[in-house]
Amino acid sequence: MLQFIRERAQSWIAWGIIGLIIVVFALWGIGDYVRSSQELPAAEVNGTDISQQQLKQAFYERRQQLAQMFGGKLDPTLFSDAQIRQQTLDSLIRDQLLLETAHRSQMAVGDGLLANEIRNMPVFDEDGAFSNQRYEQVLSFQNMSPRQFEASLRRDLMIRQLQVGVTETAFVTPAELANYQKLSNQTRDAGWLQLPIDHFTPTDEPTTEALQAYYDGHPDLYMFPERVQVGYLELSREKLAAGISVSEEELRDRYEAQKDSFSAPEQRRAAHILVEVPAGGDEGGARQKLDEIQAKLAAGVPFDELARQYSDDPGSAAQGGDLGLFGRGVMVKPFEDKVFSMQVGEISEPIRTEFGYHIIRLDEVKKDEVKPFEEVREQILNDIRMAKVDEQYFDMADRMSSLTYEHPESLDQAAEALGLTIEESPVVARSGGSGIFADPKVIAAAFSDSVLAGNNSDVIELGDGRGVVLHIREHLTATRQSFEEAKAAVSTDVKREQAKAMAKERASQAIERLRQGEEPTAVATELGGEWKRAEVKRKDPQLPPEVGGRLFGLPHPSAEQAVFEAVALGDGGQVVVALYAVKEGAATAPPAADGLLKDDGRAALDAFNEGLRKRANVTVNP
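The structure presented is a predicted model; accordingly, all values stated were derived computationally and were not measured.

A. Examining the overall build of the chain more closely. Along the chain, the regular secondary structure elements total 22 helices and 22 strands. Burial status across the chain gives 36% buried among its 622 residues. Contacts in the chain between residues at least 24 apart in sequence constitute 70% of all its contacts with a sequence separation of at least 6. Put simply, the chain shows about 36100 Å² of open surface, and 51% of that area lies on carbon and sulfur atoms.

See the structure below:
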């Protein structure tokens, strides 16, 4: 067959066969090949994909948020990457289902609401007001166009709108409210003894055998996490600005070209006497008062004196009606039109505005004037410098993007062409580090499949006038620490476990003695603590949170015997609790329903989300 084709390669038969092969590949082979090479989505929700990249980005942002909440470090026993990943994926699936539901319900977010939401975001403020230039600049730093940002915000607002619609439908019956109020206002007569963990720290070092046994029994606890070291190029507006010079000639040329923008508009100084018109609209009294004022003006009584005597404007009357200097656009239009048509020293006839009648005297005209060059020199210098920085930054960022894409195996070509130095990062884990490696976008890029495969990253905008490109130097997979490497940490953990066990044993012994009728104060003193007793409320500040929650879950005691229990604290310490009596709370005013309404609203939203998930066609890929 091949020989047949080779011999007839120039014939119409050969081209016909080749055409058939192309069609077959186009319809089946190539499509299957392309599809097989694509990465499976993290999940599919009713036919809509949630990509692996979406999940990775959301995961790293969530992990970073948790790390910041807990002092920069996450306890792997409390927050495993697998747990955070699952929670993040569940959240993305939930939001997609809510969005679909909002669309089906024909919900929408209007342009006015969207614009108002953006204008109220402090990040876009400049000098206390929304700045469109700041808006575009911030989005540029985030490598996001206004269209993309507005679409994302519109999506979030729509989801929030639906959630509020569910939570705000919650209601409380009078019986529920009464029971809730009684439980909320309930108090309990309690006693407690706190046994801090540091009272039980072992003095003897654990044996090597004990350390080895604990190490062997906790294989996932002592790990070096997956880490990377990268080289990177950093492009900085601040560094570029330091190298930009502006000549005096440029400054003068810009000043001459933009002289109009440096001129102060004409201002006028006026005084007025305001005569208010009663709310009912009867102007008779006002007219009589105006006639009296005008008669006195004609008789030579000073305007200032009459303003102090007659003006209904409390802000200016004491100053003889003086309103100071003002330009156009400050006063209401009839007042402004009159002031800017008068001559200095002229006194107007009564002018009607929404505030009443004004008799106006023009005292001064300050003509528009151009600010001298020296006064605006620094402003012009900054404007020119920033324009040059922006031009140079975007040009270099574009070149850096092209060069690092065209030469994905190295940063050398881009560094040489742009005059940049390749920096070396410390070894960082997925939890992030310091400097630029505290940014979730940088961490996400550093651990992306493309960078780990040896390619340069895209240009990452950091949001503070900097952009970076990464290239992998070393990739260290997660490995278990050797016993010797982990020995110090194992020793600390073993001591903590021993202390926790000792505290728990002492608490059990104390409870047994109290049940047998021993005096609580004597038991507490013997254990090096203090017995406290008080009538406490829920979330009482004098109780550790763990104790308050458990105390109000204990059964009611009998008249003869208190209820005793040991409560473990988060750090391993123990608190011995005694419940002597329960005092039921009283029903209070209706506003106490707020807390119950919020609880019911959250429960309703949880049930709503659960129902959406059960009815949806959701596929999660491992």
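Once you've had a look at it, read on.
B. Quick peek at unusual backbone geometry. The phi dihedral of Asn 46 is positive, around 50 degrees, even though this residue is not glycine. Within the element layout of this structure, Asn 46 appears in the loop between β1 (43-45) and β2 (48-50). A positive phi angle, close to 55 degrees, is found at Lys 539, a residue other than glycine. Structurally, Lys 539 can be placed in the loop between β19 (531-536) and α21 (545-551).

C. Examining the sheet that holds β1 more closely. What the 3 strands build is an open sheet, ordered β2-β1-β22; its pairing is antiparallel. Of all the strands in the sheet, just β2 and β22 (618-620) have a single pairing partner and so form its edges. On average, adjacent strands in this sheet sit at an angle of 15 degrees to one another, irrespective of strand direction. Strand direction decides the pairing type here: β1 and β22, joined by 3 bridges, are antiparallel. Bridge pairing in β22 places Ala 43 opposite Val 620. Sheet contacts for helix α4 (residues 81-104): β1, β2 and β22; angle to β1, the most-contacted strand, approximately 20 degrees.

Calculation criteria
- Residues numbered from 1 in each chain as written.
- Predicted model: local features only at pLDDT ≥ 70, side-chain atom pairs only at ≥ 80, totals over all residues.
- Heavy atoms only, no water.
- Helix = DSSP H or I, 4+ residues; strand = E, 2+ residues; numbered from the N terminus.
- Buried < 20%, exposed > 50% of the residue type's maximum accessible area, 1.4 Å probe, protein only.
- Contact = heavy atoms within 4.5 Å.
- Areas by Shrake-Rupley, 256 points an atom, 1.4 Å probe, with all protein chains shown as cover.
- Pairing = 2+ DSSP bridges.
- Axes fitted to C-alpha atoms, helices over the stretch in contact; angles between N-to-C directions.

Everything listed here is a matter of coordinates, which is why it stays silent on function.
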